[in-house]
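# Architecture and fold: a report
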Amino acid sequence: MNIIITSKEQILDASRQLAVEEGLEKINMRAVACKSGIAVGSVYNYFPAKSDLISATVQSVWSEIMKPLHRVQEDLDFIALIRFFYETVQNGSTRYPTFFTHHSMSFSDLEKSAGRETMNQFLKHVKSKLLQSLKCDQGISENIFSEQFSEEMFIDFIFSNLLTMLVNKEENCDYLIEIIKRTLNIKDD
């Protein structure tokens, strides 16, 4: 095997390619080294353990999938943001078909916790964006929410349903949108 100088990003590119071609569960130091055309030791220079490589790959994939959400307009209404999130993750699932449904279930406990923590950071960011949008949406009455039905509880409910729909590969989230509109008394334009 040729020993060539490579960058951390080139190794992550190879790891993402493996994720696309064979799924995250097939990523290991030897496979990534082979895909990169480098010695296994070179991978270890950047990633001391397989769990580090998995975590970095998961973070890299989530960053790629969620990139459109970072550019979303702040004045997007709540319903539009939910649709945008759903479509963004669906598009990412097209590029990484097994990523969303299997990445946290396919590894050892150490690798699972690293991958899950990375995923949770991205999802926490999305939930916070949804909450901010809900609070700022002028079309939603403030008096709908209470201590027993808080904005945070509502976002948790919506978010868990969105994730379930994505895992089940639902074509769209229209049914959930209709529930949200009726719950929040949002009229169609």
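The present account deals with the structure reproduced in this document. Along every chain, residues carry numbers that run from 1 in the direction the sequence is written. This being a predicted model, a pLDDT of at least 70 is required before a residue's local features are given, and a value of 80 or more before pairs of side-chain atoms are given or counted; all residues contribute to the totals for chains, interfaces and linings. Note that the side-chain values use all heavy atoms of the structure and ignore hydrogens as well as water.

## Points about the pattern of salt bridges
The salt bridge definition used is simple: a Lys or Arg side-chain nitrogen within 4 Å of an Asp or Glu carboxyl oxygen. Under the definition given, this model contains 9 salt bridges. Taking the shortest distance from any N to any O, the salt bridge between Glu64 and Arg95 comes out at 3.1 Å. Of this pair, Glu64 sits in helix H4 (residues 50–70) while Arg95 sits in helix H5 (residues 78–95), and the two are 31 residues apart along the sequence. A relative accessible area of 29% means that Glu64 is categorised as partly exposed. The residue Glu152 makes a salt bridge to Lys135 at a minimum N-O spacing of 3.6 Å. Put simply, DSSP H or I for four residues or longer makes a helix, DSSP E for two residues or longer makes a strand, and each gets a number counted from the N terminus. The rule is simple: take the accessible area with a 1.4 Å probe, protein chains only, and divide by the maximum for that residue type; under 20% is buried, over 50% is exposed, in between is partly exposed.

## Some points on the environment of Asp137
Looking at the secondary structure, you find Asp137 in the loop between helix H7 (109–136) and helix H8 (151–167). Note on Asp137: relative accessible area 15%, which makes it buried. Between the alpha carbons of Asp137 and Leu76 there is a distance of 8.3 Å; along the sequence they are 61 residues apart. With sequence-adjacent residues up to four places away left out, Asp137 is seen in contact with Asp77 and Phe78. Residues adjacent in sequence count toward polar contacts only when both atoms are side-chain atoms; beyond that, a polar contact is any pair of N or O atoms within 3.5 Å, and within protein one must be able to donate a hydrogen and the other to accept it. Among the polar contacts made by the side chain of Asp137, one reaches the main-chain amide nitrogen of Phe78 at a distance of 2.9 Å. Residues are treated as being in contact if the distance between any of their heavy atoms lies within 4.5 Å.

## Details of H4
Compared with an ideal rise of 1.5 Å per residue, which puts 21 residues at 30 Å, H4 spans 29 Å between its outermost C-alpha atoms and is within 8% of the ideal. Throughout, the bend at a residue refers to the angle made by two axes, fitted to the seven residues ending there and to the seven starting there. The largest bend in H4 is about 40°, located at Glu64, with the proline Pro68 one to four residues further on. To estimate how far a helix should reach, multiply one less than its number of residues by 1.5 Å.

## Focus on a nonpolar patch on the surface
A cluster of nonpolar side chains, Phe157, Tyr175 and Ile179, forms an exposed patch at the surface whose accessible area comes to about 330 Å². Judged by its relative accessible area of 42%, Phe157 falls in the partly exposed class. Without a salt bridge and with relative accessible area above 30%, a residue can belong to a patch; like charges are then joined within 9 Å and nonpolar side chains (Val, Leu, Ile, Met, Phe, Trp, Tyr) within 5 Å. Note on areas: Shrake-Rupley with a 1.4 Å probe; residue coverage comes only from the protein chains shown.

## Things to note about H8
In this model H8 runs 24 Å from its N-terminal to its C-terminal C-alpha over 17 residues, within 8% of the 24 Å that 1.5 Å per residue would give. Every buried residue of H8 is accounted for by Phe154, Ile155, Ile158, Phe159, Leu162, Leu163, Met165 and Leu166. Viewed end-on, H8 has its buried residues packed into an arc of 165°, placing them on one side of the element. The reported arc concerns the directions from the helix axis to the C-beta atoms and nothing else.

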